[in-house]
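Observations on the model geometry
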Amino acid sequence: MQDTDAGTPATDVFELTREDLDALPYGVVTLDRRGTVLRYNRAEATFARRSQARTVGLNFFADVAPCANVRAFRGRFEEFAVGAGAGVERFDFSYAFRWGRQDVTITLLRKADHPDVNLVVRRRTMTTTDGEPDPVVIQRVPSVKDDDESAPPNARESELRRLAYYDDLTELANRTLLLDRVAEAVREVRATGRLAALAFIDLIGFTAVNETFGYPAGDGLLRAVALRLGECVRAGDTLARLDGDEFVALFTGVDDAPTVERMVRRIFDVLARPLDLGGRVHYVAANVGISAAPYHGSDPIDLLHAADSAMHAAKASGRNTFRWYSAETAEAAIANVRTEEDLRRALERDELVLYFQPIVDAATGRVAAAEALVRWRHPERGMVMPSEFIMVAERSGLIAPLGEHVLRDACRRAREWDALGLDRRVCVNVSTAQLREKHFTARVRAILAETGVDPKRIELELTESMMIDGFDETLDTLTDLKLLGLRLAVDDFGTGYSSLAYLKYLPVDTLKLDRAFVSGIADDEFDRAIATAVLALARDLELECVAEGIETEAQARLLRELGCPLLQGYLFGRPVPAERFQP
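Being a predicted model, the structure only gives us computed values, none of them experimental.

1. With respect to the overall build of the protein
- Each helix and strand in the protein was counted, giving 23 helices and 23 strands.
- Counting only residues that meet the buried cut, the protein has 50% of its 583 residues in that class.
- Across the protein, every contact between residues at least 6 apart in sequence was considered, and the portion connecting residues at least 24 apart equals 63%.
- Summing over all exposed atoms, the protein offers an accessible surface of approximately 26,500 Å²; the carbon and sulfur share of this is 49%.

2. Observations regarding the packing of helix α17 (residues 440-451) against helix α19 (residues 471-483)
- Put simply, α17 and α19 touch, their axes get as near as 10 Å, and they point 15° apart. With respect to α19, the axis of α17 lies roughly parallel. With respect to the hand of their crossing, α17 and α19 are arranged in right-handed fashion. Counted together, Phe-440, Thr-441 and Val-444 of α17 and Thr-477, Asp-480 and Leu-481 of α19 form the full contact between these two elements.
- For the contact of α17 with α19, the residue count by class is three nonpolar, two polar and one charged.

3. Considerations on α19
- Taking 1.5 Å as the rise per residue, α19 with 13 residues should run 18 Å; its terminal C-alpha atoms sit 18 Å apart, in good agreement.
- In the stretch just after α19, Gly-485 is the one whose phi turns positive, near 100°.

4. Overview of the pattern of salt bridges
- What the rule picks out here adds up to 26 salt bridges.
- Glu-416 is the salt-bridge partner of Arg-413, the closest N and O atoms lying 2.8 Å from each other. With a gap of three residues between them, Arg-413 and Glu-416 both fall in helix α15 (residues 399-419), about one helical turn apart.
- Look at Arg-413 and you get partly exposed, because its relative accessible area is 23%.
- Where Glu-461 meets Lys-512, a salt bridge forms, and the shortest distance between an N and an O atom there is 2.9 Å. Note that Glu-461 is positioned in strand β18 (residues 458-463) and Lys-512 in strand β20 (residues 510-513), a separation of 51 residues in sequence.
- Overall, the relative accessible area of 1% leaves Glu-461 in the buried class.

5. Digging into the packing of aromatic side chains
- Taken as a whole and assessed by the stated rule, the structure comprises six aromatic pairs.
- Centre to centre, the rings of Phe-61 and Phe-77 are 5.1 Å apart; their planes meet at 50°, and the pair counts as tilted. Placement of the pair is Phe-61 in helix α5 (residues 60-64) and Phe-77 in helix α6 (residues 70-81), with a sequence separation of 16 residues. Residue Phe-61 shares its accessibility class with Phe-77, and that shared class is buried.
- Among the aromatic residues, ring-to-ring pairing joins Phe-60, Phe-61 and Phe-77 into one connected group.

6. A short note on the sheet that holds strand β7 (residues 195-204)
- If you trace the five strands from one edge of the open sheet to the other, you get β8-β9-β7-β12-β13, paired in mixed fashion. Of all strands in the sheet, those with a lone pairing partner are β8 (238-243) and β13 (321-324), marking the two edges. If you compare each strand with its neighbour and ignore which way they point, the axes differ by 20° on average.
- With nine bridges connecting them, β7 and strand β12 (residues 285-293) associate as antiparallel partners. The residue bridging Leu-203 from the neighbouring strand is Ala-286, located in β12.
- Contacting β7, β8, β9 (246-254) and β12, helix α8 (residues 175-192) crosses the sheet at an angle of about 20° to β9.
- Sheet strands in contact with helix α12 (residues 300-315) are β7, β8, β9, β12 and β13, and its direction is about 145° off that of β12.

7. Some points on the pairing of β18
- Most of β18 sits out of view: five of its six residues are buried.
- Strand direction decides the pairing type here: strand β17 (residues 425-429) and β18, joined by four bridges, are parallel. Within β18, the position partnered with Cys-427 by the bridge is Glu-459.

8. Notes on the pairing of strand β19 (residues 487-493)
- Taking burial as the measure, the seven residues of β19 include six buried ones, the bulk of the element.
- Here β18 pairs with β19 via five bridges, running parallel. Within the sheet, the bridge partner assigned to Glu-461 lies in β19 and is Ala-489.
- Of the pairings in the sheet, the one linking β19 to β20 comprises three bridges and is parallel in character. The residue of β20 that forms the bridge with Ala-489 is Thr-510.

9. Here we look at the confidence of the model for the protein
- Per-residue confidence for the protein gives a mean pLDDT of 81, with 82% of residues at or over 70.
- Averaged over each element, pLDDT in the protein is lowest for strand β1 (residues 4-5) (38) and highest for strand β22 (residues 566-568) (96).
- In this model residues 94-101 is a low-confidence stretch, pLDDT under 50, and it forms 41 contacts with partners more than four residues away in sequence or in other chains.

10. Brief notes about the side chain of Gln-568
- Within the secondary structure, Gln-568 is located in strand β22.
- In this structure Gln-568 comes out as buried when scored by relative accessible area, which is 3%.
- Residues contacting Gln-568, with those up to four places away along its chain left out, are Gln-357, Pro-358, Ile-359, Glu-371, Lys-512, Val-546, Ala-547, Glu-548, Gly-549 and Ile-550.

11. Examining the environment of Leu-354
- Considering the arrangement of structural elements, one finds Leu-354 in strand β14 (residues 352-361).
- The class of Leu-354 is buried, set by a relative accessible area of 7%.
- Sequence-wise, Leu-354 and Val-374 are 20 residues apart; in three dimensions their C-alpha atoms are separated by 4.6 Å.
- What Leu-354 contacts, discounting residues up to four positions off in sequence, is Ala-372, Leu-373, Val-374, Val-406, Asp-409, Ala-410, Val-576, Pro-577 and Ala-578.

12. Digging into the side chain of Asp-237
- Structurally, the position occupied by Asp-237 is in the loop between α10 (215-230) and β8.
- Assessed through its relative accessible area of 0%, Asp-237 is described here as buried.
- For Asp-237, the side chain forms a polar contact with the side chain of Arg-234, separated by 2.6 Å.

13. Points about the environment of Ala-23
- The topology assignment puts Ala-23 in the loop between α2 (18-22) and β2 (28-31).
- Residue classification places Ala-23 among the partly exposed residues on the basis of a relative accessible area of 36%.
- Residues Ala-23 and Ala-43, spaced 20 residues apart in sequence, show a C-alpha to C-alpha distance of 8.0 Å.

Cut-offs used in this document
- Residues numbered from 1 in each chain as written.
- Predicted model: local features only at pLDDT ≥ 70, side-chain atom pairs only at ≥ 80, totals over all residues.
- Heavy atoms only, no water.
- Helix = DSSP H or I, 4+ residues; strand = E, 2+ residues; numbered from the N terminus.
- Buried < 20%, exposed > 50% of the residue type's maximum accessible area, 1.4 Å probe, protein only.
- Contact = heavy atoms within 4.5 Å.
- Areas by Shrake-Rupley, 256 points an atom, 1.4 Å probe, with all protein chains shown as cover.
- Axes fitted to C-alpha atoms, helices over the stretch in contact; angles between N-to-C directions.
- Parallel < 35°, antiparallel > 145°, perpendicular 65-115°, else oblique.
- Left-handed = near helix turned anticlockwise from the far one by under 90°.
- Nonpolar A, V, L, I, M, F, W, Y, C, P; charged D, E, K, R; others polar.
- Expected span 1.5 Å × (residues − 1).
- Salt bridge = Lys/Arg side-chain N within 4 Å of Asp/Glu carboxyl O.
- Phe/Tyr/Trp six-rings, centres within 6.5 Å; stacked < 30°, edge-to-face > 60°.
- Pairing = 2+ DSSP bridges.
- pLDDT = per-residue confidence, 0-100.
- Polar contact = N/O pair within 3.5 Å; in protein donor to acceptor, adjacent residues only side chain to side chain.

As structure tokens, then:
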């Protein structure tokens, strides 16, 4: 294999100034004994496509080193760094990874009278799709443009290869290189009998960051996720970014399916850790679809499509789930695509309608409020319940126009009831995607103005987890909504974070006791104790409380005895169209 070897300095790197380091044709990174980057020369910044200014001060192992075996690397470094011999001590070793395209050989240098360690990059090789090494020429300039005629031919060629085979944002493999690596892996499967598995990863939470904080924040999130996912691949594996928030990990030389599943669970684990981007903490989750050669075929495109289908099946099961490809998952993926297409038409054709369920005053039995619940009058399937299309709307980005449709219709109905002298409010559910939208408050303000409804007749229902995730930003949004005159409710209270510390800061008006505690309240002492505690909390905080899911007289009687002011459930009425809703 050909390579470029810049040679290894003996002692001079310790004495060089920052300007001298930047003049070197090979990469040098100076670390303190904890691994903090003190100096990051221009050649290394060019090669790694990182900013010198932004890299200095980071921990090399946690934030910079992209290799799959970074933990072992860090352990070797720490062993080396604590020594204190005389003169310069060298430690040569290689670490290989497929982060993008590089295999690296480094030398660690330590000097007794210096507190830091120098990491010198001796050699880099890059492998292209045809299996031939692509020798790297480390330049002294930050980048080489493909149209720069003054650049050496081999540098221009290297840049063209990079553009053809690597994602520019994350420096991961792109679709072209991934498919080539899959083809290579399939050949290995035939030769060795071991598995090659594709894990198709779709992020949950990226769209909200993009829409709330803008594209630069979204790009930062993708780069951070790419680094996290790099912890999950081994030497010989490939990590790729296809488009948007979709990544694929190719695991090669795998013994069995349980091993693949352990690798996928590792993906969930690394993504579960909070991401600090510019002082803002973000959380992401994922769904993963898995296909494997030889079980699901040998054609790279077919294997990728199979993993994609399995990923869509995983989406239907909730966040942080994975599914293997099967004929059933393929059918489910096709069904979801059809549902999405039909839902887009439904918004255009006004096929979505509101049903209303009464919320009654426990003391008088009169209707105090109504919860608006969306239904879909499908021209072929008949009445479709929200459980069959809300998740599709959230995944496809249709939840925002759907939510606006529901809010607008609910506001019009509340305005009509107000004109008739009916003293009731309308409760409308808000999704996480809506709340995280950058212009959500402005859209709500516009709908209130358009419909002419009294804002106090509208109550927006949000879950605990929605309110507490990204608390500072959420608090600002909730405060803005309150300033519009709207009421706010915590839906499904007791099933999320249940954080009283957060609750005292939230500008809410109502707690909705989840049906999970109501269903067993008549004969389960634990459910009864929780209901009693929630009602006492609401009274002490001067909040209204609604008990959901009441189906029996025994449940209603006990909740009245406990002092619950508002009751909701099939006992008092099922959701019905507005024209059939009784005062």
